[in-house]
Amino acid sequence: MPLEPNERSGQPIAKFESMLKTDDIYFFDAEDFQDIIHHYLNNGKIALAKKAIKIGLQQHTDSVELKLLSIEVMVFENNLEQAEAMLDELQLIDSNNEEIFIQRANIYSKKDNHEAAVSLLNHALNLTQDSFDIHSLLGMEYLFMDNFEEAKNNFMKCVSFDEQDYSSLYNVIYCFEFLEDYDGAIQYLNDYLERNPYSEVAWHQLGKMYFSKKMYKEALVAFDFAIISDDSFIGAYFEKGKVLENLGRYEEAIENYDITISMEDPTSYAYLRIGRCYEKLNKDEEAKSYYYRTVHEDPLLDKGWLAITGYYFRQKNYEKALHYINKAINIDGENAKYWKKCARIHSVLKNNDEAYYAYQQAIELGNYEFDTWLHWAEVAVQNLDIHAAIQILSQGQEFYPQSCEMQFKIAGYYLLNNDYTKAQKHFLKALKIDKDKLHLFKEEFPQFYDTKWAKNLIEEVKKASR
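Since this is a predicted model, take the numbers as computed values, not measurements.

### Overview of the overall build of the chain
- What the chain contains, in helices and strands, is 28 helices and 0 strands.
- Against the 2.2 N^0.38 benchmark of 23 Å for 466 residues, the chain shows a C-alpha radius of gyration of 33 Å, more extended than a compact globule.
- By its C-alpha atoms, the chain is 110 × 50 × 45 Å across when sized along the principal axes.
- Looking at the chain residue by residue over its 466 residues, the buried ones come to 46%.
- Within the chain, counting contacts between residues at least 6 apart in sequence, those at least 24 apart form 47% of the total.
- Total accessible area on the chain stands at roughly 24600 Å², and carbon and sulfur atoms take up 47% of it.
- Between the mean site of the 50 positive side-chain charges and the mean site of the 77 negative ones, the chain shows a separation of 13 Å.

### Re the side chain of Glu141
- One can find Glu141 in helix H8 (residues 132–144).
- No salt bridge is formed by the buried Glu141; its nearest oppositely charged neighbour, Lys110, is found at 11 Å.
- When residues no more than four places from it in sequence are discounted, the contact partners of Glu141 are Ser109, His114, Ala117, Val118 and Leu121.

### Side note on helix H19 (residues 318–331)
- Its 14 residues place the ends of H19 20 Å apart at the C-alpha level, agreeing with the 20 Å of an ideal helix rising 1.5 Å per residue.
- Those residues of H19 that fall on the buried side of the exposure criterion are Tyr318, Ala321, Leu322, Tyr324, Ile325, Ala328 and Ile329.
- Buried residues along H19 sit in contact with helix H17 (284–297), helix H18 (302–314) and helix H20 (336–348).

### A word on the packing of aromatic side chains
- Inspection of every chain in the model, using the stated rule, returns 33 aromatic pairs.
- With centroids separated by 5.7 Å and ring planes inclined at 25°, the aromatic side chains of Tyr278 and Tyr290 adopt a geometry described as stacked. Taken together, the positions of Tyr278 in helix H16 (residues 268–280) and Tyr290 in helix H17 put the pair 12 residues apart, joining distant regions of the chain. Assigned by exposure class, Tyr278 and Tyr290 land together as buried.

### Overview of the nonpolar core
- Counting residues in hydrophobic clusters, the biggest one holds 122 residues, and the most contacted among them are Ile325, Phe427 and Phe441.
- Residue contributions to this core peak at 8 residues, all from helix H24 (residues 404–416).
- Each residue touching Phe441, except ones within four places of it in the same chain, is listed here: Phe408, Gly412, Leu415, Phe427, Pro446, Phe448 and Tyr449.
- Phe16, Tyr26, Phe28 and Ile37 belong to the second largest nonpolar core, which has 17 residues in total.

### Considerations on the packing of helix H12 (residues 200–212) against helix H14 (residues 234–246)
- Contact geometry for H12 and H14: axes closest at 10 Å, N-to-C directions at 20°. With respect to H14, the axis of H12 lies roughly parallel. As H12 runs across H14, the sense of the crossing is left-handed. Along its contact with H12, which presents His204, Lys208 and Phe211, the element H14 presents Gly235, Ala236, Glu239, Lys242, Val243 and Asn246.
- Looking at the contact of H12 with H14 residue by residue, the classes come out as 3 nonpolar, 3 polar and 3 charged.

### Some thoughts on the layout of surface pockets
- Here the largest pocket is characterised by a volume of approximately 870 Å³.
- Along the wall of the largest pocket there are 26 residues; nearest its centre are Glu72, Glu99, Ile102, Gln103 and Asn106.
- Per-element tally for the lining of the largest pocket: the top contributor is helix H4 (residues 64–76), with 7 residues.
- Here the lining of the largest pocket is built from residues that sort into 11 nonpolar, 8 polar and 7 charged.
- Of the pockets and cavities examined, the second largest pocket occupies roughly 440 Å³.
- Along the wall of the second largest pocket there are 22 residues; nearest its centre are Arg276, Leu306, Gly310, Lys337 and Lys341.

### Focus on the pattern of salt bridges
- Within the structure shown, the criterion is met by 18 salt bridges.
- With a closest N to O distance of 2.4 Å, Asp183 and Lys213 form a salt bridge. Within this pair, whereas Asp183 is found in helix H11 (residues 182–195), its partner Lys213 is found in the loop between H12 and helix H13 (216–229), the two being separated by 30 residues in sequence.
- Residue Lys213 is classed as partly exposed on the basis of its relative accessible area, which comes to 33%.
- A single salt-bridge network, built from bridges that share partners, covers Lys340, Glu369 and Asp371.

### Notes on unusual backbone geometry
- The backbone of Glu180 shows a phi angle near 55°, a positive value even though the residue is not glycine.
- When you line up the elements, Glu180 lands in the loop between helix H10 (166–178) and H11.
- Residue Glu180 is classed as exposed on the basis of its relative accessible area, which comes to 62%.
- Unusually for a residue other than glycine, Leu384 sits at a positive phi of about 60°.
- Positionally, Leu384 belongs in the loop between helix H22 (370–382) and helix H23 (386–396).
- When its relative accessible area of 76% is taken as the criterion, Leu384 is described as exposed.

Cut-offs used in this document
Residues numbered from 1 in each chain as written. Predicted model: local features only at pLDDT ≥ 70, side-chain atom pairs only at ≥ 80, totals over all residues. Heavy atoms only, no water. Helix = DSSP H or I, 4+ residues; strand = E, 2+ residues; numbered from the N terminus. Rg over C-alpha atoms; globule rule 2.2 N^0.38 Å. Buried < 20%, exposed > 50% of the residue type's maximum accessible area, 1.4 Å probe, protein only. Contact = heavy atoms within 4.5 Å. Areas by Shrake-Rupley, 256 points an atom, 1.4 Å probe, with all protein chains shown as cover. Lys, Arg positive; Asp, Glu negative; His and termini not counted. Charge placed at Lys NZ, Arg CZ, Asp CG, Glu CD. Salt bridge = Lys/Arg side-chain N within 4 Å of Asp/Glu carboxyl O. Expected span 1.5 Å × (residues − 1). Phe/Tyr/Trp six-rings, centres within 6.5 Å; stacked < 30°, edge-to-face > 60°. Core = buried A, V, L, I, M, F, W, Y, C linked by side-chain atoms within 4.5 Å. Axes fitted to C-alpha atoms, helices over the stretch in contact; angles between N-to-C directions. Parallel < 35°, antiparallel > 145°, perpendicular 65-115°, else oblique. Left-handed = near helix turned anticlockwise from the far one by under 90°. Nonpolar A, V, L, I, M, F, W, Y, C, P; charged D, E, K, R; others polar. 1 Å grid on protein atoms, 1.4 Å probe; cavity = no way out; pocket = protein on both sides within 12 Å on 5 of 7 lines; lining within 4 Å. Points joined across faces, edges and corners; volume = space filled by probe spheres on them.

In short, geometric facts, not functional conclusions.
What follows is the structure in structure tokens.
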């Protein structure tokens, strides 16, 4: 037969789980059921939460709080119509219950109607003195709406309620970062640290803000304080290593990265950064060793393969460099930087068709860097396709209309095609942009520089500028 509460010892959760293992039914008061359900929800044990809700409503059929928890699970599982119907019933019973409006807001949020969700949450604020959770929800809704200013304000209120609410603190700083208000973030964190001088999280975030502003010495101090506050804070050691790298203190940076490796399982990123430090110290063999450790630890880290590519490229072992850049491309074929590197290697190997294709891929993926256009055109010329080279540079000049170098090249290529009229147009344009850089044309097209055609145009421009 069922046991009375005082016939069984232990906390409600232990008692509930014991009950599930037997055929007995134990009685819990409604608040105990709420604690049990919250426990399971917070730990992601939805099935057990639903079982507790079912039994709880059997024992407390009129409990609004348990019904609201049931609705919360419905919303989580996207049973939105059922949840709305149940909310309609509850609102007739208790129209001033803020949780009803919070759950309605969650439903609207699920439907991507964030404006309506904000309106309901603001109404809920007027119904309660306990506004902490509501401000957190408002902050998230404003994030969904890309309204980072309002999101920041709401998360700040959460931190003012509970200064140990690091989730909200992180969100505040995220908003500052998105708004690119690094000075505001620094001021906010310094004010916070006045009240919480041993907060390793705040020191860590402050260091990152200083790092964003390239205030490396200040960042270093902040990370040191984070480590003083918690000497097991791996993130602070890692970020300190990055600062030391930027200060050119590579040996010290390696020491800090090594600390992160010694404190927990090694990460590919730590190995990669150590490798880069050794590279800066001109210790190529040590660098290579750590680059290989990087890809061993995480074979899908494309930056590791890129680093190995760079090593072999510097060693002029272009075949191996090509092998490894292809590995990076296989992982991230949408990375324009990788295609450009691939093109450069093919170009050195005189694989002109492959180089042409790789440069084309780099451009199509958004790499519009000046030298990309120039090198792509040069590959076309090596393929004896002068027309393609002209087309490439004509496209490139849309991004660099004031580049005399590009204009001189186009003029030279037209001359190679015996099209003197179009060559003249671009040659004159180049001279008008910067006649002092005429040497660029002379260096690349010496066969045309001393011709009567070129001398006449140069003299024409000189006369016009007198």
